[in-house]
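Take a look at the letters that make up each chain.
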Amino acid sequence: QVQLVESGGGLVQPGGSLRLDCVASGSIGSINAMGWYRRAPGKQRELVARMTSGGSTNYLDSVKGRFTISRDKNTVSLQMNSLRPEDTAVYYCYANIRRILTNNWIDYWGQGTQVTVSA
């Protein structure tokens, strides 16, 4: 079994900063990409940032220069600076994982954490 547990998030004023962390645990053989998605009310889920096991990154255009993704072993973090009201959403951690003694790569998801940017 594999679990992704998120921490961080909360309420912040426009221009402020927050950090999200996510730890993957369980019967993990290998981890490929890890990253963060978000879903705002009434909108589709969108990829915010992603990092492969080799260190390549992808960012949503609207967060480039403001958000930074980082990884350390089974942990992925998202440093969010210069937050805007439009960043308000539930943020979900994900990881593409191959479990021990299997050959299948599966996407696992965290439970989601609310980020609210408001004055």
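The text that follows walks through the structure, step by step, so that each part is easy to find. (Residues numbered from 1 in each chain as written. Predicted model: local features only at pLDDT ≥ 70, side-chain atom pairs only at ≥ 80, totals over all residues. Heavy atoms only, no water.)

So, on to the packing of aromatic side chains. Considering all chains together, one arrives at three aromatic pairs under this definition. Geometrically, the ring pair formed by tyrosine 37 and tyrosine 94 is edge-to-face, given 5.4 Å between the ring centres and 75° between the ring planes. Highlighted residues: tyrosine 37 in strand β4 (residues 28-39) and tyrosine 94 in strand β9 (residues 89-99), separated in sequence by 57 residues. As far as the burial class goes, tyrosine 37 and tyrosine 94 line up, both buried. Centroid distance tyrosine 94 to tryptophan 109: 5.5 Å. Interplanar angle 35°. Geometry classified as tilted. Here tyrosine 94, found in strand β9, pairs with tryptophan 109, found in strand β10 (residues 105-109); they are 15 residues apart in sequence, far enough to count as distant. Looking at tryptophan 109, the relative accessible area reads 33%, which means it is partly exposed. Taken together, the ring pairs in this structure connect Tyr37, Tyr94 and Trp109 into an aromatic cluster. (Phe/Tyr/Trp six-rings, centres within 6.5 Å; stacked < 30°, edge-to-face > 60°. Helix = DSSP H or I, 4+ residues; strand = E, 2+ residues; numbered from the N terminus. Buried < 20%, exposed > 50% of the residue type's maximum accessible area, 1.4 Å probe, protein only.)

Now for the sheet that holds strand β8 (residues 75-80). Sheet strands line up and pair through hydrogen bonds in the backbone, either parallel or antiparallel. Pairing in this open sheet of four strands is antiparallel, and the strands run β1-β3-β8-β7 from one edge to the other. A strand with exactly one partner marks an edge of an open sheet, and here the two such strands are β1 (2-8) and β7 (67-72). Ignoring strand direction, the axes of neighbouring strands in this sheet form an average angle of 15°. Looking at chain direction, β7 and β8 are connected through six bridges and run antiparallel. Paired with aspartate 72 across the bridge in β8 is threonine 75. (Pairing = 2+ DSSP bridges. Axes fitted to C-alpha atoms, helices over the stretch in contact; angles between N-to-C directions.)

The values reported here are purely geometric and, on their own, carry no functional implication.
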